[in-house]
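Structure at a glance
The residues making up each chain are set out below.
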Amino acid sequence: MSTLKAVRGTRDLLPPETALWNRIEAVARSVFARYNFGEIRTPIFEDTALFARGVGEETDIVSKEMYTWEDRARAQSEKTQSLTLRPENTAGVVRAYIEHKLGETGQLAKLYYIGPQFRRERPQKGRYRQFSQIGAEVIGPTHAGSESPLRDAEVLEMLATFLDELGITGWTLKINSVGSSADRPRYIETLRTALAPVVSQMCPDCQRRAETNPLRVLDCKIPEDQPIIDALPRIADSLDEASRDHFAQVCAALDASGVPYTHDHRLVRGLDYYTRTTFEFTHGGLGAQNALLGGGRYDGLSEAIGGPKAPGIGFAMGEDRLVLTLQAQEANQKAAPPQVADTYIAPLGPAQNPAALALARTLRRQGLRVELGDGTFRLKKSFEAADKTARSIVLLGEDEAQSGILTVKVFATGSQSKVPQTELADLLAGLRNT
Ligand code: HAM
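The numbering scheme is per chain: residues are counted from 1 as the chain's sequence reads. Local features are withheld for residues below a pLDDT of 70 in this predicted model, meaning they are given only at 70 or higher, and side-chain atom pairs are given and counted only at 80 or more; totals for whole chains, interfaces and linings count all residues. Each side-chain value is worked out from all heavy atoms of the structure, with water and hydrogens disregarded.

1. Describing the overall build of the protein
In plain terms, the rule: The helix and strand labels rest on DSSP assignments: H or I over at least four residues marks a helix, E over at least two residues marks a strand, and numbering proceeds from the N terminus. Per-residue accessibility, obtained with a 1.4 Å probe over protein chains only, is compared with the maximum for each type, and a residue is labelled buried under 20%, exposed over 50%, and partly exposed between these values. A contact between two residues is defined here by any heavy atoms of the two lying within 4.5 Å. For the area figures, the Shrake-Rupley method with a 1.4 Å probe applies, and any residue is considered shielded solely by the protein chains shown.
A tally of helices and strands in the protein yields 15 helices and 16 strands. Projecting the C-alpha coordinates of the protein onto the three principal axes gives extents of approximately 90 × 60 × 50 Å. Across the 434 residues that make up the protein, the buried fraction comes to 48%. A sequence separation of at least 24 residues applies to 69% of the contacts in the protein between residues at least 6 apart. Carbon and sulfur atoms provide 52% of the accessible area of the protein, an area that totals close to 21,800 Å².

Below, the structure is given as structure tokens:
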């Protein structure tokens with residue numbers, strides 16, 4: 001029988017790497033809490049129509065990357081329904097905002113999420129079919145200030161703070177404005193007109209995009225097409241005064257907070273719900289998939305999926321890519337310290353197993369990381385196992401169990417000593433700093 005493996009584009013995350021994932025999530029939760037965000041958990045699958053209407057039928061995500069299936073009716077009262085594993089979470093969060101009438105509080109809903117997303121993309125470094133996003137959204141009625149450029153700048157400043165606290169250095173922030181829902185069709189027409197005489201010299205993908213979704217031409221990475229794309233009209237020139245002013249205020253607030261950024265005229269992003277501000281943080285160490293995170297404003301998304309007017313702005317970070325970046329940085333600095341237990345308890349014979357478990361319980365409750373051996377092991381095997389997993393070994397024989405005086409060997413120094421059980425926790429904790 002052939003061996004079963006994880007499906008292409010999916011991965012198992014094992015210790016010690018999972019500790020890094022937990023650290024990233026802990027920093028995110030801590031930073032988001034300081035900006036007064038609360039956590040939301042939405043379902044992993046949703047009605048397919050949510051993404052078709054929210055993200056857009058013409059996008060790559062909806063047209064070719066979704067895991068969609070017909071969910072058969074199980075009872076007469078049920079209907080067969082088209083369901084989709086979420087490819088992103090903004091549409092789901094806005095659906096929840098509408099469903100739970102969060103706008104009725106009159107306040108901004110400030111929500112963050114951490115969890116898996118699914119896209120049937122061609123897997124490569126930094127691109128998976130199941131990946132994890134850490135994202136946040138600020139949504140609310142206009143009178144709560146949801147359209148204010150200050151919200152955009154605050155979200156970007158929070159992201160810079162998060163990356164700094166996590167220790168990711170060397171990121172670049174690119175921002176742009178794709179204009180309001182009135183500006184965009186105007187620009188698309190301008191783009192169509194400008195593309196018409198040159199499109200036949202472009203790559204086949206651009207030729208197709210020029211027909212279906214001309215904005216996507218700006219994403220093209222083919223070197224030969226770049227001079228043509230650079231000469232196309234810029235979206236900034238199609239913005240009306242209100243959109244231009246909004247973008248200028250976002251830039252001014254960023255300048256005042258000292259967050260460095262560049263204005264990238266070609267940053268249009270691959271989801272149709274964006275209006276006005278769009279942004280990406282990239283990192284050179286990531287290779288081809290260099291976007292650490294992306295986001296922007298989506299002032300019409302709530303209405304597009306049947307809700308009230310509720311402008312919003314948010315982002316999602318690729319957690320897999322944060323991990324890759326940190327791993328590359330740590331490899332450049334020094335090897336990450338391996339995960340080691342404070343001690344390894346070696347019961348000297350099966351009769352000592354219960355006493356060893358009791359001692360392990362005491363030490364663990366005192367906050368120590370403890371590996372527990374087994375009384376059937378020979379002493380040599382216990383020492384070998386302890387040396388691989390812990391800073392020290394505690395020998396627990398009949399005498400030790402009765403007297404409460406334990407034999408401890410510290411591997412870093414090679415010293416062996418007798419220690420009263422009451423002093424053991426302090427001694428072991430002290431080894432962490434050696
Ligand atoms: P997105 O740009 O499609 O935006 O994805 C955001 C981030 O998720 C990307 O920058 C990347 O780091 C990560 N990502 C995307 N696809 C993959 C993949 N196949 N493998 C690994 N990582 C991936 C959104 O999803 C929007 N919902 C962001 C947003 C929130 N906009 C407003 N609010």
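2. Here we look at empty space enclosed by the protein
Definition in use: Definitions used throughout: a 1 Å grid over protein atoms alone; a cavity as a set of points that fits a 1.4 Å probe which cannot get out; a pocket as an open set with protein on both sides within 12 Å along at least five of seven lines; a lining residue as one with an atom within 4 Å of a point. Grid points are joined across faces, edges and corners, and a volume is the space filled by probe spheres set on the points. Note on residue categories: nonpolar means Ala, Val, Leu, Ile, Met, Phe, Trp, Tyr, Cys or Pro, charged means Asp, Glu, Lys or Arg, and polar means any other residue, Gly included.
For the structure on display, the rule yields 2 cavities of 30 Å³ or more. Volume-wise, the largest cavity comes out at about 40 Å³. In this structure, the largest cavity is lined by Phe37, Lys110, Val138, Arg151, Glu154, Val155 and Met158. The element that contributes the greatest number of residues to the lining of the largest cavity is helix H5 (residues 149-166), accounting for 4 residues. Class assignment of the residues belonging to the lining of the largest cavity gives a composition of 4 nonpolar, no polar and 3 charged. For the second largest cavity, the calculated volume is near 30 Å³. Lining the second largest cavity are Arg184, Asn213, Leu215, Arg216, Val268, Arg269, Leu271 and Asp272.

3. Some details on the site of the ligand
As a reminder of what qualifies: Near, as used in this document, describes a residue that has one of its heavy atoms within 4 Å of the molecule or strand being considered. Counted as a polar contact is a pair of N or O atoms within 3.5 Å, where, for protein atoms, one must be capable of donating a hydrogen and the other of accepting one, and residues adjacent in sequence contribute only when both atoms are in side chains.
With respect to spatial proximity, 26 residues lie near the ligand, and among them Glu88, Thr90, Glu121, Tyr128 and Tyr274 are the closest. Contact between the ligand and glycine 318: an oxygen atom at 3.2 Å from a main-chain N or O atom of the residue. For the ligand, whose unbound accessible area comes to 650 Å², protein coverage reaches 96%. Counting only elements with at least two residues in the shell around the ligand, the list comes to strand E6 (130-139), strand E10 (291-297) and strand E11 (312-318). By residue number, the principal contributor to the shell around the ligand is E10, which donates 6 residues.

4. A word on the sheet that holds strand E4 (residues 81-85)
Note the threshold: By definition, two strands form a pair when at least two bridges between them are found by DSSP. A fitted line through C-alpha atoms serves as each axis, taken over the contacting stretch for helices, and the angle formed by two N-to-C directions is quoted from 0 to 180°.
The antiparallel open sheet is built from 3 strands, whose spatial order is E2-E4-E3. Sheet topology places strand E2 (45-47) and strand E3 (68-71) at the edges, where each strand pairs with a single neighbour. Strand-to-strand twist across the sheet, computed as the mean angle between neighbouring axes with direction ignored, equals 35°. Here E3 pairs with E4 via 4 bridges, running antiparallel. The partner of glutamate 70 across the bridge, within E4, is serine 82. Running at roughly 75° to E2, helix H2 (residues 48-56) makes contact with E2, E3 and E4 of the sheet.

5. Considerations on the sheet that holds strand E9 (residues 275-283)
Taken in spatial order, the 8 strands of this open sheet run E1-E5-E6-E11-E10-E9-E7-E8, and their pairing is mixed. Where the open sheet ends on each side, the last strands, each with one partner, are strand E1 (38-39) and strand E8 (262-263). As judged from the 7 bridges shared by strand E7 (residues 171-177) and E9, these two strands associate in the antiparallel manner. Counted as the bridge partner of asparagine 176 is threonine 278 from E9. Running at roughly 155° to E7, helix H9 (residues 241-257) makes contact with E7, E8, E9 and E10 of the sheet.

6. Quick word on the domain arrangement of the protein
The condition is simple: Annotation comment: domain bounds sourced from an automatic or database domain assignment.
Partitioning the protein into structural domains gives domain 1 (17-182 + 240-331) and domain 2 (343-431). One C-alpha centre belongs to domain 1, the other to domain 2, and the line joining them spans 49 Å.

7. Side note on the packing of aromatic side chains
Operational definition: Pairing of aromatic rings covers Phe, Tyr and Trp, the last through its six-membered ring, and needs centres within 6.5 Å; plane angles under 30 degrees mean stacked, over 60 mean edge-to-face, and all others mean tilted. Look at NZ for Lys and CZ for Arg. If either is within 6 Å of the ring centre and within 35 degrees of the ring normal, a charge sits over the ring.
Under the defined criterion, the tally for this structure stands at 8 aromatic pairs. Every member of this aromatic cluster is reached through a ring pair, and the members are Phe32, Phe37, Tyr112, Phe162 and Phe315. Positioned above the aromatic ring of tyrosine 128 is the side chain of arginine 11, whose terminal nitrogen or guanidinium carbon lies 3.9 Å from the ring centre. When the ring centre of phenylalanine 377 is taken as origin, the NZ or CZ atom of lysine 381, which lies over that ring, is 4.2 Å away.

8. Observations concerning unusual backbone geometry
Across the junction of proline 15 and proline 16, the peptide omega takes the value 10°, indicating a cis bond. Counting through the fold element by element, proline 16 comes out in the segment before helix H1 (17-34). The phi dihedral of asparagine 36 falls on the positive side, at around 70°, and the residue is not glycine. Phi is positive for arginine 276, which is not a glycine, with a value near 55°. Counting through the fold element by element, arginine 276 comes out in strand E9. A relative accessible area of 11% means that arginine 276 is categorised as buried.

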